[in-house]
Every structure is written in C-alpha cells, then in structure tokens.
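Residue-level listing of the chains:
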Amino acid sequence: MTSVVTKVTETSTAGPVKSSLGRGRVTCEEPNSRMHSFTGTLEWRGESFSLDSERILLRGCRLRNTDLCYGLVLYAGFDSKIMRNCGKIQRKKTKLDRLMDRLVIMIFLGLLLTSLCLAVASGFWAKTFQEDHSYLSALYQHTTPAQQAFFSFWGFTILLSIIIPMSMYITFEFVYLVNSFFINWDLEMYYPVKDIPAQARSTSLNDQLGQIEYIFSDKTGTLTQNVMTFKKCCINGTIYAASGADTAQENKQPLGLGLNWRQQEEKKLDFCKVTLLEAAQQDTDPVLREFLRLLALCHTVMVEEKGGQLVYQAASPDEEALVLAARDLGYVFLARTQDTITISELGVKRTYKVLAMLDFSSDRRRMSVLVRDPQGRIRLYTKGADTVILERLQRRGPSESFTEMALDHFAQETLRTLCLASKEVSEAEYSSWSRRHHQASVRLRDRAPQLHRLYEEMEQDLQLLGATAIEDKLQDGVPETIQLLKLGNIKVWVLTGDKQETAVNIGYACKLLTDDMEILEEREISDILKAYWVSNNNLSSSGEAFCSSNLSPQRPEASRHKKRALIISGDLLDKILQTEEVLKEQGRLRRWLAACRATGSQEQGSLVEKAFVDLATSCQAVICCRVTPKQKALIVQLVKKHKNVTTLAIGDGANDVNMIKTADIGVGISGLEGMQAVQCSDYALAQFCFLQRLLLVHGRWGYLRVCKFLCCFFYKTFAGLMAQVWFAFHSGFTAQPLYEGWFLALYNIFYTAYPVLSVGLLEQDVSAKKSLEFPELYVIGQQDQLFNYRVFGVTFLHGASTSLASFYIALWAFQDHVGSKAVGDYESFAVTVATSALLSVLVEIILDTKFWTVLSFLMVTASLLFFCLFSFLTQSADAFRLAPAVFRFPDASRNALTDPYVLLVVLLSLVVNTIPSLTIQLYHSMAGKATIQQKICLKARRAPEPSVELRAHMPRGSARRRSSYAFSHQEGYAGLITRGQSLRSRAARSTPQLLHPATAPPVRPLPAPSP
C-alpha cells in the first residue's frame, strides 16, 4: 500500500488573487523516484479533485500556450523526483590507478622488510666485528649491536625510500593531461556543422578508454539525430517514394502567413514525388483526400502564432513530420481549441468539431480522433501500428494486401511505419457511445480500463487509407561504429525510455541486431529464469555455462555459439532487479518472481539478479525499453558488480546523467536535449561515430602509453637504485650510500625522466588508421595484458638483474685492477656503477620504443646532456672548495670516464644488460610468435569484411516480425487538449490564414519530462 504524507498549503499571492484562491489541502504520496506515476488528492473549496501524473510537472517540462498560471510545489530539494533518481557522486578511478595504489603499498612494505633484514644483518655484523676486533672496543663502547641495528634500520629506510615511486604520480598526471589535450586537438573528432570539438573533461581516465568491455547507450539523440523525416507513403495501392535526401531542412524553412499552399508548391519538394502533389491538387481521389485530412486532424500537435507566423509544438517528432508532410501537400493545420480543429484544405479553411480524442498508450499502440465535419457528418480517424490497425479493418481486399506488401518494403528499409484508417459513425451509434464515454471519464476507480474498452469498441470496422514511412535518421556512421566496436569485443547495450518497437527498429537499422540473431523476449526470459530457479539454487561459474545449461533445454535449437539478443522492458526489470518502482503484477514471470521475493531471502533475490545478468551478458546485444533513469544506472551497476568489467555509458539528455555517473566512463553527446549530460560526463562528443576513434585510437594508445610508462618507470627505478642493496653486503650493512647524493637527487628528475615521459606521451604501436582497420587490437586492453602483477614482477626482476649486473661487473673489475687515473677508489667505483646503470636504462627504453619522433630523440639526448652537465657542475673542484660537505665527489666523473679501462667496464655492463632483451625478441621471432605488425599484415591479405548495409531482411510474416510504428510520445496529451488545459484562449486573436511557417529556431517537439 502506498504511504502518503499530508501537506497543507496556503496561496502566497497577494490582493484579490489570494482571496479568490483561498485555502486548500493536498494529500499525496511520500517523495519517491517513480517518474511515471503519482497519486494524490486536492481538497479545495469543499470539493475533492483527483491528482495523477497528468497534473504534475516534472523538471524539463515546458508550459506553452499560456501567459500566466498558478502552481503548487509538492516536492523540493532532495525530495524532488530528479534528486531521488540521482545516484551518489563517486570519484572515478581507473583499474591501473587502483593497481598502482596496491603496488606502491607492496613496494613500501617490501622496503620496510628489506630495511629490517639489512638492519638485522647489520646487528649481527656489528657483533661479529666487535668480537673479532676487540682492540677497537673503545669505538663501540657506547653502541650495542641492537642499537646499531635500530639505527641501521632507519638509515636503510631513508636511503632506499627513493625506490618508492612518488614522483611517478606527478609524471602520471602530466601524461594524462597531455593525452587529454590530444583528444581535444583531434580534428577527426571535430564536428564542423555545430563547431563542437571533442572534449576530455576528465584528465585521469584516458587509459581506461582502452579497456572498455560494455557500452550502455541511450537511443534518441545518441544513436539517432532525433529528427524525423517523412520518407514514403502508400495510398490506395500506390507507393510514393522519396526523391531527395535533405528533407528535414526543406520542411523546416520559415514560411510567411501570407503565403498559400499553391505558392509552396513552387518550392522544391524533396520528401515526396511530384505525382503525389499533382494528385493532391487535382483532388479527384477521395482516399487520398481522407489520407491527407487524417494527417492534418489526427494528432496532438499544438500551434501558436508568433510574430505573424505559425509555430508547431509537437509531442513527438513523428507527429511533427506527419503534420509537416500534410502541410506541404496543401492540408495545413491552422488552429486548435478545446473542441475544434481548423485546417486549410487546398486553400479552403474548414473547422472540425472534436467530439472525442482516443488517446495513445503503449498498450493500444494507436490514437484516434472523432470529429464532426462542417457538413455534419461524424468520422473517426485512426493511426497506429500496422499490427493493431490491420486486425480492425472491415474487409481485406487487394488494396489492403498491397499495403501490407508496402509495409514489408518499408520495414526492410528500417523505416518507422504507421497505418491510417477511418470510418463514418452514425448519430445513434455516437450518442450511445458518448454517454458511456462520459460516465467512464468521471470515474475515480478503474477509469483507464473502462475507457480502453470503449476505445476498442469504437475502433472497429475501419477502412484502410494507407501507410506512412518515417525515418528516424541515424547519426552519420552509427552502423559502422557499432560494427567496429563489436569487432573490438565490445558489447553495446541500448537503454532507452522509448517503446520496444521503436528501439528494436533502430537496433536493426544500426546493425546492433541482425537477422541471424535469436531474439529473447519476455516469454523466453521467463522460461529460462524459471527453469534455472527450479533446477538449482547455485549458479554455474560462468555465464556461458549457465546459458548452455538453462537455455538449451527450453530452446533445443539454441546452441552455445548461436547469436542471441535480449529485449526487455522496464517494468519487467523492476521485478527482476528489485527496484523501488511500484508496478502492477501481471504476467507469469512477474507473479512467479513476486512469490519468490515473498518466500525467499535477500540472498536468493541476489541469485535471481545474477542469473539475469549472466543471461544478458551472454547475449551479443541487449535492448532495454521503457526504462527510467534510475533503472539505467541500476543496470550499469549490476553488470559492474557481477561481472567486474569496465563500462562506458553514453547519452545526450538529463535522463542519462545517472547512468553516465555510474559507469566507469561517462560520455556526453552535445545534442538537442541540453547540456546536462555533457556537464556530468568525463568526455564530450558531438556525434556517436566519434566514439570509435575515442576508444579504438585514443583509448588504446592511452592504455598502451600508460602501461609502457609504468614498466619503464619501475624498470629504471629498480635498475638504478637497487644497487644500494647490493652495496650494503660489501659495506658492513652500515647504510652507507653508494652513489653521490646529487646523483640520487637528479636521477628521477633529469637523468631518466624525459625518455620515460616521451614513451608515456608519444608511444604508438600502430597508426590511427591501422587501429581503426584492425579493431581486434583493442582486446589487449580488455585482458589487462600490458600491465598486471605478472608484468610488474617481470619488470622487477629485470630491473634487479640490471642493477645486479652493473654492480658486480664493476666490483669485479675494480677488485684487483687499477688504471692510470681510476685507482679503484670508492668514488670512481660509484661513478662506474651509476654510468653503467643509467646507460643500460636508456638503451632499454630505446629498444622498447616503437614510435620515434623528433621529440623522442631530443628527450633521450637531453637525458645524456643533463647527466654530463650536472656531473661536471656537482663534481667540479670549485664546487668542492665552496662547499666540501655538499659536493663530495670532486672530479670523480672526469677521472673515471676518461679512463679506457672504466669505459670498457661500462661497455661490458651495457652489453650484458642488453643481451636479455635482444635474446627475447630473437626467440619470439624464431618461435613464430607474430608481432602486432605481422598480425596486421596477415589479416590484410584476407578477404575484406562486407560493408555495412542499412537494410533489415526480417519477414513480416514471421513470428518475430518488427512492428516499427512511428509513435514515440507518452500517454496523456489528448487529455490535456480536450480539457483545454494546454490551450490559450483565441477569442481576441484572429486565426492565421493559411500555411504553417517554421521559425528560427526550427520546430521542436515537446520534450518528455526529464528526470
């Protein structure tokens, strides 16, 4: 039972308005997240009025056709429905960020453990030394071995603390920032039509763009342009096809009120062949006349005069396209009142009295208008989905059969279709029906079912007039983008608030759905989940095993390798996912799930959720229809929870904000629905097609660069600085530093930072063109192949071996040999080890770099120059004389590195450290392990993939035919019109004469309430 809260309010207006409004009380349900339902009552002036979802305004609604209105705020602040649908804002971190945090903790713990071991060894060494050298006891009389170990622990901790990669985080952020600039500067993702470039609003998620496994996309405005175009029609056995492409722009040119439709015919009509216009001018075909009259009468479009021009305000872009088509053919919608519609028919103004509007709903899939024409005849005009119109026809003749063939033809081209029909109603029939209709419309309980039964009674024995075909034009490159993403092992889910037929139709148009896919709808989902629940209470370890064990018994023809697509509605998701939405119990699965919830535990409910997620993720495509913003976010959250995958959400409206913030990566489209999605996103694009370049090029490059940057950074840290540990074994574990202090200070800043930085900024394995040609390369990031615990372990061993070789080769060379200048002293030894390690690191980075630029060359050169420069400055005799305690290595590098013997030692260390990398590359080449470039060349020789064809070969006679009807607005607009709540009084206004002009900005539909 819905809980309620009582709110008492008093009008706050002043003067006579306040006294006329008086005092009232509103009793309504508690604040909740339900966007499509509302229950309450208004007590005012001794009467009670029913309040429902049609009588409240949500954020995003626009008040039209009125200059003044009085409203009452029911929910505010955090109690509003938009806030109830908002999730918690969480800081997004990439998988590599989280891995890095764990690795730094591991390195810190390893540092403490190493320091502890060396400190213990220092204590034992001190004890042994004191026992063997008792004559030096005076030097140790105040220091015990335990004290020596304690001080050594902190000494080693400070000495080795440079191994902790704190500077890495600073360089990390700089790499992220520059890679974000590369995204902003990419001209391939610039949209010149609206002057919108790509924008990286977050600078710390670039590498995660290369690891996306699931994309959750909105439909309208994201996959489509949200612009409907009248493309074709079939009237009385004749198909009129489009002859041009740019229909929307032609239809929306402003027209003055002084023009008539005959002047419009002189303009080029791209949307329909001239034969249709000529037939309309001749006015000899009664079916054509009724067809065009229906387009001008049967709709909920509002018209308003602004600046001497008519502006249409449509509840859906579909209706706008149909009304514009009728306008251009001479049937112009001029004005509307609460009970009349005025149109111009071939220049003759006619006013029809509206007797009833039979509103659209997702269950009815049609709408009708009952009017009385100027001659006094009563006619019913109906438009809706072909499946519901064809079964209500009075007869089925050749014309009807031809229209069905035309619908097949339209469906193959993925057009949104509507069937148009009408009939004449007698006075007696209307009188009886009108009386019952009025009684049902004032009922407080079961009003909707009663009205629907009366609508069903009236909409029988219709006469088919024809069919229309509307194109919800896809954005450029959407099918190709989805094809590339699928080849890159990225699954695309469409989460939309539109009805199922519309979403499925777009799914076929953008090649998300294909004819060879097995479509799983509510019945199949019910069978699979119910069979699973009954059979066992433990899910199999993988979604594939789950599907093979539960899908196959229900559908013997389904196999593990068969392509499947899942299509599910929002109310069914409510029952499966246990959201807070309160919906009617209907259907087998809903009743069964309700029983499971009542008798089962929370753990069992979680099993149902996981079973559904396993089923959905096993499918190649998923389309969720009629979902709320909160459901969108919940779906993303469940996939992340149960599959532990990287997700991306993309949308263009305020209803996509929650989904965008929940996903690992949020992408906002700069579309027609405002900037809410862009403002809450991590990346902003102008078109969906730019997503392929964002992921397959910048995302993969970003992941590659960051991973190689990490490998190089850790390698150079361990290779250069772990020699301190080996030196401790030969210095009595006294925590004496091996290197000069300046070398330790400048090693990570000047000597090795720039080559590693160039790898993080500029590295590429293949070009952008090859990245798009071979999207299979993207799988590397999804599988975390380039950097993980194993790669870190190999890098650690590689760095440790490099430091070990550099140290012990130098130690062996300096042990019993002296040169002319380097006499085997400590300072020369330190310089030799440092030079060997530094050059080994630089050569390793050079060998690992696959993409060389001038900047890369300059970075390596700068590192060597800085080493030489600072070695000269910090080891000069003048610096030693000025501050001997600071500059302790006077002329050490000049003496050591000018000795041929030392240079040979450095060369030997360099060769030994380089051989393992060259050997591994040679082994891979001899073992036949193909590199990325070799794989690209191999695939290039194969037959090319077939090009994307924007046609769907789905037979309409099949059990799963697509009824792609063009109707996308919500229920309730007819009620607003007949109640007169959305109409402005036209008593003091002269009715405009003829044509509707579209003004700038172009005609825009009434938006659905944004969450």
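Let me sum up the structure you'll find in this document. Values in this document were obtained by computation on a predicted structure and should not be read as measured data. (Residues numbered from 1 in each chain as written. Predicted model: local features only at pLDDT ≥ 70, side-chain atom pairs only at ≥ 80, totals over all residues. Heavy atoms only, no water.)

Our next topic: helix 14 (residues 427-441). An ideal rise of 1.5 Å per residue puts 21 Å on 15 residues; helix 14 measures up with 20 Å between its terminal C-alpha atoms. Those residues of helix 14 not exposed but buried are Tyr-430, Trp-433, His-437 and Ala-440. Buried residues of helix 14, viewed axially, fall in a sector of 90°; they line one side. Turned more than 90 degrees off the buried face of helix 14, the exposed positions are Ala-428, Arg-435 and His-438. Looking at the packing, one finds that the buried side of helix 14 touches strand 13 (348-358), strand 14 (366-372), strand 15 (378-384), strand 16 (416-425) and helix 15 (447-458). (Helix = DSSP H or I, 4+ residues; strand = E, 2+ residues; numbered from the N terminus. Expected span 1.5 Å × (residues − 1). Buried < 20%, exposed > 50% of the residue type's maximum accessible area, 1.4 Å probe, protein only. Arc of directions from axis to C-beta. Contact = heavy atoms within 4.5 Å.)

Where burial is concerned, most of strand 17 (residues 463-474) is hidden: nine out of the 12 residues are buried. Inspection of the sheet shows strand 7 (residues 224-235) paired to strand 17 by eight bridges, in the antiparallel sense. In the strand pairing of strand 17, Cys-233 is matched with Thr-468. Bridge count between strand 16 and strand 17: seven bridges; the pairing is antiparallel. Among the inter-strand pairings, Leu-420 is bridged to a residue of strand 17, identified as Gly-466. (Pairing = 2+ DSSP bridges.)

Turning to the environment of Asp-218, a few remarks are in order. Tracing the backbone through its elements, the reader meets Asp-218 in the loop between strand 6 (214-217) and strand 7. For the pair Asp-218 and Ile-650, spaced 432 residues apart in the sequence, the C-alpha separation amounts to 6.5 Å. Leave out the neighbours within four places in its chain, and Asp-218 touches Leu-223, Leu-495, Thr-496, Lys-632, Ile-650, Gly-651, Asp-652, Asp-656 and Met-659. Side chain to side chain, Asp-218 and Lys-632 meet in a polar contact 3.5 Å long. (Polar contact = N/O pair within 3.5 Å; in protein donor to acceptor, adjacent residues only side chain to side chain.)

It is worth spelling out the nonpolar core at this point. Formed by 79 residues in total, the largest nonpolar core has its most connected members in Leu-710, Phe-714, Leu-738 and Phe-787. A per-element tally of this core places helix 26 (residues 690-721) first, with 13 residues. Core analysis: the next-biggest nonpolar cluster, separate from the first, contains 50 residues, Tyr-191, Leu-209, Ile-567 and Ile-669 among them. (Core = buried A, V, L, I, M, F, W, Y, C linked by side-chain atoms within 4.5 Å.)

Relative orientation of the contacting elements helix 26 and helix 28 (residues 741-751) amounts to 165°, with a least axis distance of 11 Å. Compared by their axis directions, helix 26 and helix 28 come out roughly antiparallel. The crossing of helix 26 and helix 28 is right-handed. Taking contact as the criterion, the partners of Lys-716, Thr-717, Gly-720 and Leu-721 in helix 26 are, on helix 28, Leu-744, Tyr-747 and Asn-748. (Axes fitted to C-alpha atoms, helices over the stretch in contact; angles between N-to-C directions. Parallel < 35°, antiparallel > 145°, perpendicular 65-115°, else oblique. Left-handed = near helix turned anticlockwise from the far one by under 90°.)

Once that is clear, we can look at the pairing of strand 4 (residues 47-51). As judged from the five bridges shared by strand 3 (residues 40-44) and strand 4, these two strands associate in the antiparallel manner. Counted as the bridge partner of Trp-44 is Glu-47 from strand 4. Between strand 3 and strand 4, which pair antiparallel one after the other, the connecting turn spans two residues, and Arg-45 there sits at a positive phi close to 55°.

In this section: the sheet that holds strand 24 (residues 683-685). Whenever strands of a sheet pair, they do so through backbone hydrogen bonds, lying parallel or antiparallel. The sheet built from nine strands is open, its strands ordered 5-24-23-22-6-18-21-20-19 with mixed pairing. Every interior strand has two partners, whereas the edge strands, strand 5 (199-200) and strand 19 (518-520), have only one. Sheet topology note: the strand 20 (residues 564-569)/strand 21 (residues 621-625) ladder contains five bridges and is parallel. Along strand 21, the bridge assignment pairs Ile-567 with Ile-623.

We now examine the packing of aromatic side chains. According to the stated counting rule, one finds 34 aromatic pairs in the structure shown. On the numbers, 5.8 Å between centres and 45° between planes, the contact of Phe-709 with Phe-713 is tilted. Of the two residues, Phe-709 and Phe-713 are both situated in helix 26; the distance of four residues between them amounts to about one turn of the helix. We classify Phe-709 as buried; its relative accessible area is 1%. Geometrically, the ring pair formed by Phe-718 and Phe-792 is edge-to-face, given 6.2 Å between the ring centres and 70° between the ring planes. Of this pair, Phe-718 sits in helix 26 while Phe-792 sits in helix 32 (residues 789-815), placing them 74 residues apart in sequence. Sitting over the face of the ring of Phe-713, Lys-716 holds its NZ or CZ atom 4.2 Å from the ring centroid. (Phe/Tyr/Trp six-rings, centres within 6.5 Å; stacked < 30°, edge-to-face > 60°. Lys NZ or Arg CZ within 6 Å of the ring centre and 35° of its normal.)

This part is about the packing of helix 3 (residues 95-132) against helix 6 (residues 166-185). Where helix 3 meets helix 6, the closest approach of the two axes is 13 Å, and the angle between their N-to-C directions is 170°. Viewed along their axes, helix 3 and helix 6 adopt a mutual orientation that is roughly antiparallel. For the pair formed by helix 3 and helix 6, the contact residues are Asp-97, Met-100, Asp-101 and Val-104 on the first element and Met-168, Tyr-169, Phe-172 and Tyr-176 on the second. Counted by class, the contact of helix 3 with helix 6 contains six nonpolar, no polar and two charged residues. (Nonpolar A, V, L, I, M, F, W, Y, C, P; charged D, E, K, R; others polar.)

In this section: unusual backbone geometry. Positive phi outside glycine occurs at Lys-511, with the angle close to 65°. One can find Lys-511 in the loop between helix 17 (500-509) and strand 19. Despite not being glycine, Asn-644 has its phi angle at roughly 50°, a positive value. Inspection of the secondary structure puts Asn-644 in the loop between helix 23 (629-643) and strand 22 (647-651). Using a relative accessible area of 67% as the deciding quantity, one classes Asn-644 as exposed.

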